[in-house]
Structures are given as structure tokens and as C-alpha cells.
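Observations on chain architecture
Residues per chain, in single letters:
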Amino acid sequence: MSIKIAFSSQRIRLIAGATIALFAIASFVVPSTAQAASVFKVSTSAAVTTWDPVQSFSTEAFYMTNIYEPLLWKNPDGVTPEYSPALATSWTSSADGKTWTFKLRAGATFHDGSPVNSAAVKASFDASKKIGGAGFIWDALKSVDASASDTVVLNLSYAAPMDLIASSTYGAYIVNPKTLVAVAADSKYYESGKDGGSGPYTIDSYKAGSSVVLTAYAKHWAAVKPAYSTIDISIVPDAITAQQMMTSGQVDWATNVPLTSMTSFRRNSKYTVVKYKSPFNYVGYFNTLRAPLNNPVVRQALSYALNYREITTVGGQGYATQARGPVPAGIYPYDPAIPQYSRQVEKAKRLLASAGVKDLKIKVTYASENSAEARFVPLMKDAFAAIGVDADIQGILFSQQWSAAKKDPANAQDLFIVKYWPTYSDAGVDNLWSLFHSSTKPFFNLSYWKNAAYDKLVDDAIELSGSDKAGAQKLYSQAMMMLYKEAPGIYLYDEAQVSVLPKKFSIPKYNINYPFSAFFAGVKLSS
Amino acid sequence: MKVVWNRLSSALLVLIAASFITFTLARVIPNDPSLAYIGPKATAADAAKLRITLGLDQPIPVQYIKYVWQTLHGNWGYSLSTKQPVLQEIIDRLPSTIELIFFAMSFAFIFGVALGVYAAKYRGRVQDSVIRILAIAGVSMPAFWLGLLLQLLFAGRLAWFPATGQFDIDLKYEHPISKVTGFPLFDSIITGNFTATLNGLHHMVLPALTLSAYSFGLLSRMARANLLEVMSSDYIKVARAYGLSERLIFFKLALKNALPPIVTVTGLSTAYLITGTFFVEQVYAWPGIGGFAVNSLLSIDYPAIMGITLLAAVGYLVINFIVDLIQAKIDPRMWLR
């Protein structure tokens, strides 16, 4: 039975046609808002864990390096001089490397107008050492002499490279003492987006998890003022969405675009794709507490099982190179002479047989939120299967992965995949020490490996690096050789930093020493 | 009145059950919330200190009772990832989500019912088949996939609509919206900022279309099936035999009786859209509850997850209650059931 109703087909066609027409016209008649000339619009995935520069130890470094300044900035690899002056204009060290003197910049002020002086430097370092997430970088610092307002003298308990440490991404910012006092009284002081910095930008507004607006600090000491007085940053975790925002013109620059889109960007005349070395390194920890992984031969066998070329290609999408241990290329004390494992299936089988291992089953965990790990870890399962090892792979949130690994090491995972990077540009103090030095309670040494000879090499190298960098390098290289032979970890790849830069703008080069950061004061329109 | 009390008391039970289950689940998952709060490189000592500060060292029942007590007093806790009060986060973001749901549901209802009626009229013909395909596609396509597809086509290729956001970023510098009610699009209208209104509507099209797809499909199928059923019933035949006009039969007799199930589905769909926005907002970087919910889930930000669960549960219950009231108005026999 048909329904004869008031909707005549002609009328319905009319309505449908009008709707489609409206839909199409809407896209043309609605004007785009005129671009504000002094606003540079950015999208990034960088979340803000904290606005406290003393506690900061995560991706908020993206913003911090524009708001706060250390004494020195470390220049990218290969650039001379090695450091650029920030709040210190000159610095010297004693012959024994235990006393460092920094002359402070005249006329530098915090965002409230108060001067940057030695008292501020001392208060900042004391706070960082006492409560900072990266406070360990000041381990060698015994005392700070701030008797002259324009000079700080750092007295160390052992020789340490204070120029390098003072230029750290984390724990080395100079903070307004008034802010430090305010934070001591109110732990939530920073959370609405206040700052106590002296950098070229100050926080104008912050909408948690959504946007950050920075405005230029008019009294900043730099002779050249930023070309953009406002930096409007949208926090967009999804890389595809970020890409859409940039290509549709909603933002001027997206810092996080998917690696899979690089080919299309290379073909697009509006963009340049650039590749840099980065401090990011993928490593797996074997659980050395459990049999048969407590046997180095078994660990070597598993290391020989992997197809590193495939893992590098799939994980890094062509923007990665096989690692030589846990120290990424381009970061001290990387050593190109350290050998690498390669896929040798028969050798791997022989090693397993010589260790008397049959029907081995292992549990592999990785961080599910890391898309690179999600891509390459299944390849590891296939590679292990080829030598008769059954790998149960589990993708869980990093916080869960880490928590489980620390809770009960003897019954935890067999292989823990992690992406790691050093706190500052010294992977000896960080990667080599944090990842594989013995510890009573596991923190980042999740292979639970204990080796007194390795510990001594790394400890001695750390103490030597402030006065004899070459000597320290030798010790570090010996330690890395030990890591290769003993294989407490499986060394996967060094990830490259790939950036898509709109040709319309001149954007400062990526600096490996500040891997999460973008320096907006140097952004300008291309000539 | 008794029916109302019954509904309210069962709603309260649902709320208690939902909150307790979510609360317990969030705590038994092997995870260290302190990491979300102070970052992945936090020291063991910092993490232990924070666990005491957050009360995570206490037994779960004690934590739950404290949570309920504080929630009733307006303290929904602090988000571990944004460090802001959860209630404030929700209040700040909810208006944008409600505006999105309003447009999505309006679109789904108007076009879903209209096309359902149209399909019923042309049952078995090409028009019916086309509408059926559209409806099935709407119901079966995952929102995040449809969102990406529309974004790629209409924002990326054709550049007809903006890819993301609720307004152009430049708008806040050139034509800032004065906050009156907190609903940005509505505020732009009542303050006469029509540049912002047009810009907001332009931004609304793709996310609203994406979000409406499921409800559109459901409503069009429901409208078609119901109308066909009602139009074949005896009282319609009698009305025809009496010579009543088709317009009168359709609007006064058929549509009214076909409406109650459509209203129910509309209500349920609206409630479904509360969680449906999660993916859509993520794809379109919409500044509402959805993006906040997804980020909270990914970081196991349990105070935020609890807040969002409570909000969703309350939303479902309120909408269902309203649907009951509307149905009772349309068909008073409902009170007797």
C-alpha cells in the first residue's frame, strides 16, 4: 500500500536541492577571519604536565624554553661556539674543573621587571637541587657563591661540565625568587598559567589541554625583538588533525605531523621537509633476573634474531638508523666504533641450543600510546618465532608498563620496550647510568642488571667528564662495549627528528639539545 | 507521582552503581597515577609522596566514600593531567559539546524523520533504496572514520569548510566573543557578533554532520518502519473509508501514533551522542568534553574519568526522564505501564 501524503515529490526535490545548495554556498559566502598580522599560530602535541620550571620534566619544555632562560644555551651539534650566552655572558672554570664562575647579563629582568641577579641564580639552583624532577643534574654542586650580584661562583664536589649542565632543558632555568616564594606558599600557584621567567615570551593565557597563548616580553634583553608579538598554540594530540590544520591554513605551523605524510609534503611546493638527528633512542630491557634471560648467551641469541633494517624502516618510517647501544648518535658519549647486532638466524639458534634453551616463551611489553612501538613490536614477535621463541606481546599505557615493571621485577615482563632520551646532552650521566647502572630499587634500570665492573666504568667516567672529556669517553666506550657483549638490553634504533616547515616562514633550526622545544623569538616571514 | 518517584529512585541506584564500578576499576588497573601527575621521569620518592597527598594509600572503600562525600559538596577532585578542578574543566567545556550535540541532533531529527517519511512513501522504489543505503551507512560507519573522511574531502581537498576547531583562531583577536552564558555560538548571537556566528556555523557543519550520522540512520529507518506499520492499521483504513483527506490521515492520525517510538529513539540517540562526541571532538579538535574525555582515558586520569562518567550517567538519566515525560504527554497510557 502506498502512502499518499502532503509531501509531493516536487516539493521534496525542492527541499533537497535547496539544502545541497545552502551547504555548498555556505562554504563560499562565510568569510574566513582576517589573519591577525602579529600572531603566529601553531599546533603541537606537547602537553603541559606542569608550569613549574623547577619541577618540569616533560613535554612542556616546548613552551618553557620561550618563557624561561638558563645561564647558557647549547648550540646544535657541529655549530661553533658550542654555547650561546643566555643569562650569563661569560664563564670560566678552574683548572681542576671544580669551580665555575659565570658573569651575569646586565639589564636582564624577569617578567615583573625585577632584575636577574646572582641571588636569583642561587635560589633557582637550590630549588632545583632540592625539589626538582631533574635535580640530580646538580649532584656535583656543593655550594653557590652569590656575594657579587652580577657573578655566581659554583663550587663542585667533583669536576663536572657545568657549562653543559647549566644549559640543560630541565632543572637549569633561572626563576624569579618572588615566584619561588609564592610557590612555596601555594603549590597550585602555577596551575592557572603564571610564570616567573625572563625569556622573550610570557604566558598570556592557558586553557588546560587545549591552548596556550604567549605574548612577547617588551623588556627582554635581546637587541632583536621577536617578529611575532603573539604566539597562539593549539594543543592537538592527533597528528592527522594537526596536519589538516596546517594544510587548511588554520595554523601557520604544525609541529607534529605523521611520518607517513612526509612523502606528500615533499611533493608540496609550500613546504620543506627537514631531517635532523634527535636524542630519542629505542631500547628493550631483558629481564636479567629470570632464567633463561639471566644468561647472556640467551640474550645475545635474541639480539641476533631481530631484523633491524625492517624494524628501523617500519618503526621510523625511513627516518631512523640502527642504534649502537643506548647512546643516540649526535649525543656525547656516542661512539661509532661500538658494534651492532645483525640478523643471523642460524647463529641465534646455535646460541640458544648451546644454552640448552628449548620452547622459550617470553612476554614483551610496550607503550601502546607510542605509534612507532605499535608498528615495530609485532615484527619482533615474527623474528623471535623464526628461532623458535614464542613472544606474547602486550601493548599497555606507559604508566602501566612502568608501574608493573617496578612492582615485582622477578615476575614482571621478559622484555620491556622503551623510548628514552637524556635529560641534558650527556647520555653518559643519563642513558648509560639511568638505564643500566645497578640500583637497589628499579627506577629506569628495568633490566635489573647488576654489574660492578660496568658501574665502576660509568661512575669513573662521570667524575672525569668535567676535567677530561676524552678520558671519560674512553671509559664510556668500554662500558658500551660491555653492554654490547653482555646484552642486558636490545638496542633498536635512533629516531630522527623530521620537521615540516612552511616555506612562508623562517623557523629556527631544530636543536638536538632541546628536543621538545621550538624557539619562537626567531620565527619570521621568509624574505 | 509514584511513577516519577520510581524513576528517580532507580536513577539514583544507577548513579551509585556506575560511580562505584568506575571508581573501583580505575583503581584496580595496575597503573601509577602519580606518573600522570608529575611526569614520566618522576622519582620514586616524589611518586610515593604524591600517593599520600592524593589519598591513594587508603583502602578503596574509604577512598570511595570520601569521593562521594566530596562530590556531593562540589569537589570533584583535580584532573591529574591538566591539574585543574574536574568540575571546572567540565563546566568550561560542556557548552561547546552541548552546542555540537544540539546541531547534530537537530540535523539527524529533521533529515532522518523527513527522509524516513519520504522512503515510506516510495517504498520499494529507487528513492527508498538510496535512503536505506544512506541510513545503513550512517549507522555502521565509525564516527572517527567518517570524520576523517569528511575532513579530508570537504576541508582538505575542496576547502569548503574548516578542518578543525569551533572558530577560526584569528577570531579571538579580530572579533572576540563576549561571554554571557558560556555557550559560545549562542553568546555570539545575543551579543550581535554575527561575524563570529557565521564563522561558528561554518565550523559546525562537518563535526555536526559526522556526529549526526548514526542518529540520522536510526531515525530514518525507525520513521519509515513505524509509518508503514501505522498506515496499514485498521483505523487508517476506516478513516480512508470515511473519505478523510490523506493530509488529515497522515498528520492527525498516522504521524501522531508513529511518534512515540521515534521520540524514544531520539532521546536514546541524544544520550548516545554524549559519548559519541568523544571521537568526533578528537578528530575535529573541538574544545568540548570529548577531547578531554579521550585524553583522560589515555592517561588514566581517574578523577577526570569519574567526573565524565558521572556526567554521562546523569545525562542519560535526565534525557530518558524527559523522554518519558514527552511520551506520557503524547500517550497518557504510558503512566499506567
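In this text, all values refer to a predicted model and were calculated from it rather than measured experimentally.

Examining the domain arrangement of chain A
Residues and elements named next belong to chain A. Domain boundaries in chain A define domain 1 (32-270 + 503-527) and domain 2 (277-496). In this structure, domain 1 and domain 2 have C-alpha centres spaced 31 Å apart. Both sides together, the interface formed by domain 1 and domain 2 hides about 1,900 Å², and carbon and sulfur atoms give 65% of it. When the area that domain 1 buries against domain 2 is broken down by residue, the three leading residues are Leu164, Leu259 and Ile512, summing to 26%. Connecting domain 1 to domain 2 are zero salt bridges. For the interface between domain 1 and domain 2, the tally reads two residue pairs in polar contact (both at pLDDT 80 or more). Elements with a contribution of two residues or more to the side of domain 1 that touches domain 2: α4 (162-165) and α7 (262-267). Taken together, the residues that form the side of domain 1 that touches domain 2 break down as 17 nonpolar, four polar and five charged.

Concerning the packing of aromatic side chains
All names here are of chain A. Tallied over the full model, the rule gives 48 aromatic pairs over all chains. A centroid spacing of 5.6 Å and a plane angle of 70° characterise the contact between Phe280 and Trp421, whose relative ring orientation is edge-to-face. You can see Phe280 sitting in strand β12 (residues 271-286) and its partner Trp421 sitting in the loop between β16 (415-420) and α13 (428-436), a full 141 residues away along the chain. Neither Phe280 nor Trp421 differs from the other in exposure class; each is buried.

Focus on the confidence of the model for chain B
Looking at chain B as a whole, the pLDDT averages 85, with 93% of positions reaching at least 70. The lowest-confidence element of chain B is helix α2 (residues 33-38) of chain B, averaging 62 in pLDDT; the highest-confidence one is helix α9 (residues 184-190) of chain B, averaging 95.

Section: the sheet that holds strand β6 (residues 141-145) of chain A
All names here are of chain A. The four strands are arranged β4-β5-β7-β6 in an open sheet whose pairing can be described as antiparallel. Among the strands making up the open sheet, the edge pair consists of β4 (88-93) and β6. Looking at each pair of strands side by side, their axes are set apart by 20° on average, direction ignored. In this sheet, strand β7 (residues 151-156) lies alongside strand β5 (residues 99-104) in antiparallel orientation, the contact comprising five bridges. Residue pairing across strands places Phe102 opposite Val152, the latter belonging to β7. In this fold helix α3 (residues 118-131) packs onto β5, β6 and β7, with an angle of close to 160° to the strand it touches most, β6.

Reading guide: rules and limits
- Residues numbered from 1 in each chain as written.
- Chains lettered and ligands numbered in written order.
- Predicted model: local features only at pLDDT ≥ 70, side-chain atom pairs only at ≥ 80, totals over all residues.
- Heavy atoms only, no water.
- Domains from an automatic or database assignment.
- Buried area = accessible area lost by both parts, 1.4 Å probe.
- Salt bridge = Lys/Arg side-chain N within 4 Å of Asp/Glu carboxyl O.
- Polar contact = N/O pair within 3.5 Å; in protein donor to acceptor, adjacent residues only side chain to side chain.
- Helix = DSSP H or I, 4+ residues; strand = E, 2+ residues; numbered from the N terminus.
- Nonpolar A, V, L, I, M, F, W, Y, C, P; charged D, E, K, R; others polar.
- Phe/Tyr/Trp six-rings, centres within 6.5 Å; stacked < 30°, edge-to-face > 60°.
- Buried < 20%, exposed > 50% of the residue type's maximum accessible area, 1.4 Å probe, protein only.
- pLDDT = per-residue confidence, 0-100.
- Pairing = 2+ DSSP bridges.
- Axes fitted to C-alpha atoms, helices over the stretch in contact; angles between N-to-C directions.
- Contact = heavy atoms within 4.5 Å.

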